[in-house]
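Each chain is listed here by its residues.
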Amino acid sequence: MTRSASRATGVLVSFVVAYASIAWLLRYVSRHSIVVFAGYRVALGLLLAAGLVTGALSAT
């Protein structure tokens with residue numbers, strides 16, 4: 001497989017996955033409260049910040 005064919009395949013797969021993810025999230029938010037999603041994102045952000053502050057994770 002040539003480099004351009006590999007790149008085109010990667011772009012196509014990325015587009016399909018991104019489109020499906022956004023479509024699913026919009027459908028979920030239209031039927032459910034966004035509180036669960038927001039809580040999950042806040043919790044993940046706090047865990048990430050704690051990992052960076054304690055040195056368990058590296059920013060580079």
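Residues numbered from 1 in each chain as written. Predicted model: local features only at pLDDT ≥ 70, side-chain atom pairs only at ≥ 80, totals over all residues. Heavy atoms only, no water.

Novice: Tell me about the overall build of the chain, and name the residues and values.
Specialist: Helices and strands together make up the secondary structure of the chain, namely two helices and zero strands. Taken against the 2.2 N^0.38 rule, which gives 10 Å for 60 residues, the C-alpha radius of gyration of the chain at 18 Å runs more than 25% over that of a compact globule. Dimensions of the chain along its principal axes, counting C-alpha atoms only, are 45 × 40 × 10 Å. Every one of the 60 residues in the chain was classed for burial, and the buried ones make up 2%. Summed over its atoms, the accessible surface of the chain is roughly 5,300 Å², and 73% of this surface lies on carbon and sulfur atoms. (Helix = DSSP H or I, 4+ residues; strand = E, 2+ residues; numbered from the N terminus. Rg over C-alpha atoms; globule rule 2.2 N^0.38 Å. Buried < 20%, exposed > 50% of the residue type's maximum accessible area, 1.4 Å probe, protein only. Areas by Shrake-Rupley, 256 points an atom, 1.4 Å probe, with all protein chains shown as cover.)

Novice: I'd like to hear about a nonpolar patch on the surface, residue by residue, with values.
Specialist: Taken together, the side chains of Val 29, Ile 34, Phe 37, Tyr 40 and Leu 44 present a nonpolar region at the surface, about 420 Å² in accessible area. In terms of residue count, the dominant contributor to the nonpolar patch is helix H2 (residues 35-54) (three residues). Its location among the elements puts Phe 37 in helix H2. Phe 37 gets classed as partly exposed once you look at its relative accessible area, which sits at 30%. (Patch = residues over 30% accessible without salt bridge, like charges linked within 9 Å, V, L, I, M, F, W, Y side chains within 5 Å. Salt bridge = Lys/Arg side-chain N within 4 Å of Asp/Glu carboxyl O.)

Novice: Kindly report on the packing of aromatic side chains, identifying the contributing residues and their values.
Specialist: On inspection of all chains with the given rule, the structure shows three aromatic pairs. With a centroid separation of 5.4 Å and an interplanar angle of 25 degrees, the aromatic rings of Trp 24 and Tyr 28 are classed as stacked. Of this pair, Trp 24 and Tyr 28 both sit in helix H1 (residues 3-31), separated by four residues, roughly a single helical turn. Of the residues examined, Tyr 28 reaches a relative accessible area of 25% and is grouped as partly exposed. (Phe/Tyr/Trp six-rings, centres within 6.5 Å; stacked < 30°, edge-to-face > 60°.)

Novice: Summarise the environment of Val 35; cite the residues concerned and give the values.
Specialist: Tracing the chain through its elements places Val 35 in helix H2. Assessed through its relative accessible area of 60%, Val 35 is described here as exposed. Separated by 16 residues in the primary sequence, Val 35 and Gly 51 place their C-alpha atoms 24 Å from one another.

Novice: Account for H2, naming residues and giving values.
Specialist: Over its 20 residues, H2 runs 28 Å from end to end, which matches the ideal 28 Å to within 8%, given 1.5 Å per residue. Immediately beyond the C-terminal end of H2, within one or two residues, lies Gly 55, with a positive phi of roughly 90 degrees. (Expected span 1.5 Å × (residues − 1).)

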